[in-house]
Amino acid sequence: MTSSASTTAFGSDMRAAVLLPLPLSGPYDYAVEAPGTPVRGRIVRAPLSGRELVGVVWGKAVGGVADEKLRTATAVAAHALPESLCDFVDWVARYTLNPPGSVLAQALRVKDAFEAENPRHALTLGGISPARSTAARERVLALMADGVARMPAEIAELSAVSPSVVKSLAEARALKWVELPEFERCPEPDATFDAVKLSPDQLRAAEHLRDAVKKREFSVVLLDGVTGSGKTEAYFEGVAEALTAGRQILILLPEIALTVQFLDRFAARFGCRPMEWHSDLSQRERKRVYRAVLSGEARVVAGARSALFLPFTKLGLVVVDEEHEQAYKQEEGVIYHARDMAVVRARLEHCPVVLASATPSLETYVNARNGRYEWLRLTQRHGAAELPGVRLIDLRKDHGEPGQFLSPPLRAALTETLAAHEQVLLFLNRRGYAPLTVCTSCGHKETCRNCSAWMVEHRYRKRLVCHHCAFETPIPERCTKCGAEHSLIACGPGVERIEEEFRAGFPDARVAIASSDTFSGPAEAQAVIRAFAAGDIDVVIGTQIVAKGHHFPQLTLAGIIDADLGGGAGDPRSAERSFQLLHQVAGRSGRGEKPGLVLIQTHNPEDPVMQALAAGSRDAFLSQEAATRERSATPPFGRLAALILAGTDADKVRGTGRALALAAPAARGVAVWGPAPAFYQVLRGKTRERLLVQAEKNVDVQAYLRAWLAAVKIPSGIRLTVDVDPISFF
Ligand code: ADP
Ligand code: ZN
């Protein structure tokens, strides 16, 4: 859009529609005070109800505001969002049924992003020799001879002198003050730093990706390869090509804070780490990355899903690693799926997007199968590594003593593996000690006071914790219902309980738990993962946090404690998800020289998921799963959208649910289910009801929902959330 098309003149100023990062119905008109015409994307400061907000010129004035009522917005010097990002914001807003301002807020999440930083000053050589020379002064001048500007404290420390020595040299003008740039420069990845020699398979994939980048056109590639086959090495070649072409690259990772291994590998290939984008960055770091992305200086960003909304100006490649990961779904606020939106962003930027996975989502698999996506396959593990053998352990026959969760075959394999000085991963996707605490006297199950969910025992911390609202209490001495003493027992295992059982049986092994709440933060999680990779730990007992992406060459045994977990609550993807997770865990085993083994404990060895895992028949499983979904007209063969009502007044929530259902328009190919109580009927003190829209694939679900929701008024105190393409059904 050119400036003349998007704006109209207003007196000496320009009248334009400005979008504010708030859940308003749309942009508001302002008189925009700017040098030149206000173009779409231009950053302005705009007054709204006594506040001043950062907003963005969005387009032509909407009209209808009298000249004298029109308020003035002021352009912020020289800053504009790329127009493609504005288009992306509009697109996401339409698709997810969010006000565009709420989506814009995702792209303006850096506080004071457009404010200049306070200048910082440092010292360099001043060119004047001090009248009096001392040993201390000489040390400082020798240090500073390299011409690098340094802070006084740093100079004092590096040359082992007192701060007064530095100060006196500055006064004598032997050192002079210089203003530093606002931010440290971004390291520049080098496309040719250190490429590995690719196998013929990998080379084919890499060449394809290089070509796709060269074309500068939108395309979607599924990079499909068993774990350890070198998908990362292959897409790094696409990254190298985009670097050479002077473009920017976005790499989305599901859990960025935990992927040191990825950052190190990137550095080994390109000579420096990529810029990182995730929630653990400081304000200043966020601002630095945001500004560097906008200026084009940041060449490669590895980020969590929110990196999708960064203001890239010359994007040449998007990579979504582990594209099947559920972590890509943003479940609060603006609800979106980062993998799907990455495809949209790439389309708007006219660049290729690579979806990489060893267990592609069914959506992606079906798109690859029917030719909408290109499909690159890597079928072999790199080097000597072979895919591990997988064995099912039927817990109905092969179980240990009551209260034990490691079956005799698993114990035997543990003994053997540890004796061979190899490493083990025991996987259980449950934090804490036990998922349920029951009173043996009255049968009461300890539940959260805010949620209809069980309290989970965390024995290390001696607390019962709700995993939904984080409410916690000390472990009670007596039943909170009948008051019986010593009557509470822990039911079922969590990782802490497995550790207890393991230590009792293998007292000499070095063991660590890896789950989100045993770590104080990402740094500690990284430390455990590093220690494990370095061989300083023999056994890790972990949740899904360790299932993904990591490379542990000495790990030869993966034990899955309870393969029957997962699934639930009318979720059409539960089988797919179990398969993906267990397959990922299995993929940790045998990645080095030695062959790996995977033992899967289950009560349902006949289940198709277990059978597919044991037979290693991923594609058979996926095509069977595709057939099931096709029959039930569930995604990707049909469309879903969920409406979730929540509020503290349970009757009002239920009443609103019924009224909403009654107002649903009749439409061909659309069915509305519910309202029904959500799986967790009460969460954080709020009662929740759900409705589900199921539509045929060619139905415009957004148009349907818009028409429906325009006709109803949601009473105050009740919150309606729209989740298009839901993946969570709780
Ligand atoms: P994936 O992403 O498919 O799981 P990776 O790219 O992580 O696979 O590769 C697995 C391991 O094998 C990594 O340590 C990687 O560095 C190594 N590797 C893969 N391909 C090659 C190659 N051509 N030359 C050297 N090492 C390789
Ligand atoms: Zn709770």
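Chemist: Whenever I open this one, the packing of helix H12 (residues 362-369) against helix H18 (residues 618-632) confuses me. Can you help?
Modeler: Working note: a packed helix pair is described by the angle between its axes plus the distance between those axes. Contact geometry of H12 with H18 gives a least axis separation of 11 Å together with a crossing angle of 95°. Here H18 runs roughly perpendicular to H12, going by the angle between their axes. For the pair H12 and H18, contact is made by Leu362, Tyr365, Val366 and Arg369 and by Asp619, Leu622, Ser623, Glu625, Ala626 and Arg629, respectively. In terms of residue class, the contact of H12 with H18 is made up of five nonpolar, one polar and four charged.

Chemist: What am I meant to see in the site of ligand 1 here?
Modeler: By nearness alone, 16 residues border ligand 1, and Lys197, Gly228, Lys231, Thr232 and Arg265 come closest of all. Lys197 places a main-chain nitrogen or oxygen 2.7 Å from a nitrogen atom of ligand 1. Its free accessible area being 550 Å², ligand 1 has 81% of it covered by the protein chains. Looking at which element gives the most residues to the shell around ligand 1, the answer is helix H8 (residues 231-244), with three residues. When its residues are assigned to classes, the shell around ligand 1 shows three nonpolar, eight polar and five charged.

Chemist: Could you clarify how one ought to interpret unusual backbone geometry in this entry?
Modeler: Trans is the common state for peptide bonds, and a negative phi is the common state for residues other than glycine. Residue Pro636 follows Pro635 across a cis peptide bond; omega there is 5°. Turning to its location among the elements, Pro636 is positioned in the loop between H18 and strand S29 (638-647). With an omega of 10°, the peptide bond between Gly674 and Pro675 qualifies as cis. Non-glycine residue Leu97 carries a positive phi angle of around 60°. When you line up the elements, Leu97 lands in the loop between helix H2 (83-96) and helix H3 (100-107).

Chemist: How should the sheet that holds strand S26 (residues 539-542) be read in this particular structure?
Modeler: Consider a sheet: its strands pair through backbone hydrogen bonds, and that pairing is either parallel or antiparallel. Spatially, S18-S28-S27-S19-S26-S25 is the arrangement adopted by the six strands of the open sheet, whose pairing is parallel. Two strands in the sheet have a free side with no partner beyond their single neighbour: strand S18 (389-394) and strand S25 (511-514). Pairs of neighbouring strands in the sheet enclose a mean axial angle of 15°, with direction left out of account. Strand direction decides the pairing type here: S18 and strand S28 (residues 597-602), joined by six bridges, are parallel.

Chemist: What is the right way to look at the nonpolar core in this model?
Modeler: A general trend in soluble globular proteins is that nonpolar side chains are found buried together. Among the nonpolar cores identified, the biggest contains 76 residues, and Leu81, Phe114, Leu250, Trp277, Tyr290, Leu308 and Leu705 are the most heavily contacted of them. For this core, the element with the highest residue contribution is H2, accounting for seven residues. Non-local contacts of Leu81, meaning those with residues more than four positions away in its chain, are made with Arg40, Gly41, Ile43, Val56, Cys86, Leu104, Leu108, Phe114, Tyr290 and Pro311. Membership of the second largest hydrophobic core comes to 35 residues, among which are Leu425, Leu555, Val598 and Ala612.

Chemist: Where do I start with the pairing of strand S10 (residues 248-252) in this structure?
Modeler: Both faces of the sheet carry side chains from a regular strand, because those side chains alternate between them. Summarising burial for S10: five of the five residues are buried, a large majority. Bridging between S10 and strand S12 (residues 300-303) involves four bridges; their strand directions are parallel. Across the sheet, residue Ile251 finds its bridge partner in S12, namely Ala302.

Chemist: Where do I start with the coordination of the zinc ion (ligand 2) in this structure?
Modeler: Under ideal tetrahedral coordination, the four donors around a metal are separated by 109.5 degrees; under ideal octahedral coordination, the six donors are separated by 90 or 180 degrees. Here the zinc ion (ligand 2) is held by the protein donor atoms Cys448 (SG), Cys451 (SG), Cys466 (SG) and Cys469 (SG), which lie 2.3 to 2.4 Å from it. Geometry at the zinc ion (ligand 2) is tetrahedral, judged from its four donor atoms and the angles of 102 to 116° they form at the metal. Here the donor residues for the zinc ion (ligand 2) map to a single chain with the spacing C-x2-C-x14-C-x2-C. Note that Cys451 is positioned in the loop between strand S20 (436-439) and strand S21 (456-458) and Cys469 in the loop between strand S22 (463-465) and strand S23 (472-474), a separation of 18 residues in sequence. On the basis of relative accessibility, which here comes to 4%, the residue Cys451 falls in the buried class.

Chemist: Where do I start with H2 in this structure?
Modeler: Side chains that are three or four residues apart share a direction in an α-helix, a result of its 3.6 residues per turn. With 14 residues, H2 should reach 20 Å at 1.5 Å per residue; the first-to-last C-alpha distance of 20 Å fits that figure. Most of H2 sits out of view: 10 of its 14 residues are buried. The complete set of buried residues in H2 reads Ser84, Leu85, Cys86, Phe88, Val89, Asp90, Val92, Ala93, Tyr95 and Thr96. Remark: Leu97 follows H2 within two positions and exhibits a positive phi of approximately 60°.

Chemist: Just checking my understanding: could you explain the packing of aromatic side chains for this structure?
Modeler: One pair of aromatic rings is described through two measures. These are the centre distance and the angle between the planes. Under the criterion given, the structure shown has 16 aromatic pairs. Considering the side-chain rings of Phe579 and Phe621, the 4.5 Å spacing of their centres and the 15° angle between planes classify their relative orientation as stacked. Highlighted residues: Phe579 in helix H16 (residues 574-586) and Phe621 in helix H18, separated in sequence by 42 residues. Taking relative accessible area as the criterion, Phe579 reaches 2% and is therefore assigned buried. Note on Phe621: relative accessible area 3%, which makes it buried. Grouped by ring-pair contacts, the aromatic residues Tyr235, Phe236, Phe262, Phe266 and Phe270 constitute a single cluster. Between Arg40 and the ring centre of Trp58, over which it is positioned, the NZ or CZ distance is 4.8 Å. Over the face of the ring belonging to Phe88 we find Arg345, whose NZ or CZ atom lies 5.6 Å from the ring centre.

Chemist: How do you make sense of the pattern of salt bridges when you look at a structure like this?
Modeler: Working definition: two side chains of opposite charge can pair if their charged atoms are close together. Applying the stated criterion to the full structure yields 41 salt bridges. For Arg40, the salt bridge is made with Asp87, and the minimal N-O distance between the two is 2.8 Å. With a gap of 47 residues between them, Arg40 in the loop between strand S3 (28-33) and strand S4 (42-48) and Asp87 in helix H2 connect regions that are remote in the sequence. One salt bridge in this structure joins Glu457 and Arg459, with 2.7 Å as the shortest N-O distance. Since its relative accessible area comes to 35%, Arg459 is described here as partly exposed. It is possible to trace a salt-bridge network through shared partners that takes in Arg210, Glu237, Glu241 and Arg269.

Chemist: Looking at this model, I keep getting lost on the packing of helix H4 (residues 135-144) against helix H6 (residues 163-171). Mind explaining?
Modeler: Direction vectors running N to C along H4 and H6 enclose 75°, while the axes themselves pass 10 Å from each other. As the angle between them shows, H4 and H6 are arranged roughly perpendicular. Residues Ala136, Arg137 and Val140 of H4 pack against Val165, Ser168 and Leu169 of H6.

Chemist: Explanation requested: the pairing of S12 in the structure shown.
Modeler: Covered by surrounding structure in S12 are Val300 and Ala302 together with Val301 and Gly303, the residues of both alternating faces. Pairing between strand S11 (residues 275-277) and S12: three bridges, direction parallel. Considered in S12, the bridge of Glu276 is made with Ala302. Running through helix H10 (residues 283-295), the crossover from S11 to the neighbouring parallel element S12 is right-handed.

Chemist: Would you mind showing me how to read the sheet that holds S29 here?
Modeler: Taken together, four strands build an open sheet; the order of strands is S30-S31-S29-S32 and the sheet is antiparallel. Only two strands of the sheet have a single partner each, and these edge strands are strand S30 (670-683) and strand S32 (719-724). Taking each pair of neighbouring strands and ignoring which way they run, the sheet shows an average axis angle of 20°. Where S29 lies against S32, six bridges are found, and the strand directions are antiparallel. Within the sheet, the bridge partner assigned to Ala642 lies in S32 and is Asp723.

Chemist: Help me understand the side chain of Lys329 in this model?
Modeler: The topology assignment puts Lys329 in strand S14 (residues 329-330). Each residue touching Lys329, except ones within four places of it in the same chain, is listed here: Arg305, Ile335, Tyr336, His337, Asp723, Val724, Asp725, Pro726 and Ile727.

Cut-off values and rules
- Residues numbered from 1 in each chain as written.
- Chains lettered and ligands numbered in written order.
- Predicted model: local features only at pLDDT ≥ 70, side-chain atom pairs only at ≥ 80, totals over all residues.
- Heavy atoms only, no water.
- Axes fitted to C-alpha atoms, helices over the stretch in contact; angles between N-to-C directions.
- Helix = DSSP H or I, 4+ residues; strand = E, 2+ residues; numbered from the N terminus.
- Parallel < 35°, antiparallel > 145°, perpendicular 65-115°, else oblique.
- Contact = heavy atoms within 4.5 Å.
- Nonpolar A, V, L, I, M, F, W, Y, C, P; charged D, E, K, R; others polar.
- Near = heavy atom within 4 Å.
- Polar contact = N/O pair within 3.5 Å; in protein donor to acceptor, adjacent residues only side chain to side chain.
- Areas by Shrake-Rupley, 256 points an atom, 1.4 Å probe, with all protein chains shown as cover.
- Pairing = 2+ DSSP bridges.
- Core = buried A, V, L, I, M, F, W, Y, C linked by side-chain atoms within 4.5 Å.
- Buried < 20%, exposed > 50% of the residue type's maximum accessible area, 1.4 Å probe, protein only.
- Donors = N, O, S within 2.8 Å, 3.2 Å for Na, K, Ca; no water.
- Tetrahedral: all angles 85-135°; square planar, octahedral: opposite > 155°, others 65-115°.
- Expected span 1.5 Å × (residues − 1).
- Phe/Tyr/Trp six-rings, centres within 6.5 Å; stacked < 30°, edge-to-face > 60°.
- Lys NZ or Arg CZ within 6 Å of the ring centre and 35° of its normal.
- Salt bridge = Lys/Arg side-chain N within 4 Å of Asp/Glu carboxyl O.
- Right-handed = clockwise from strand over helix to strand, strands pointing away.

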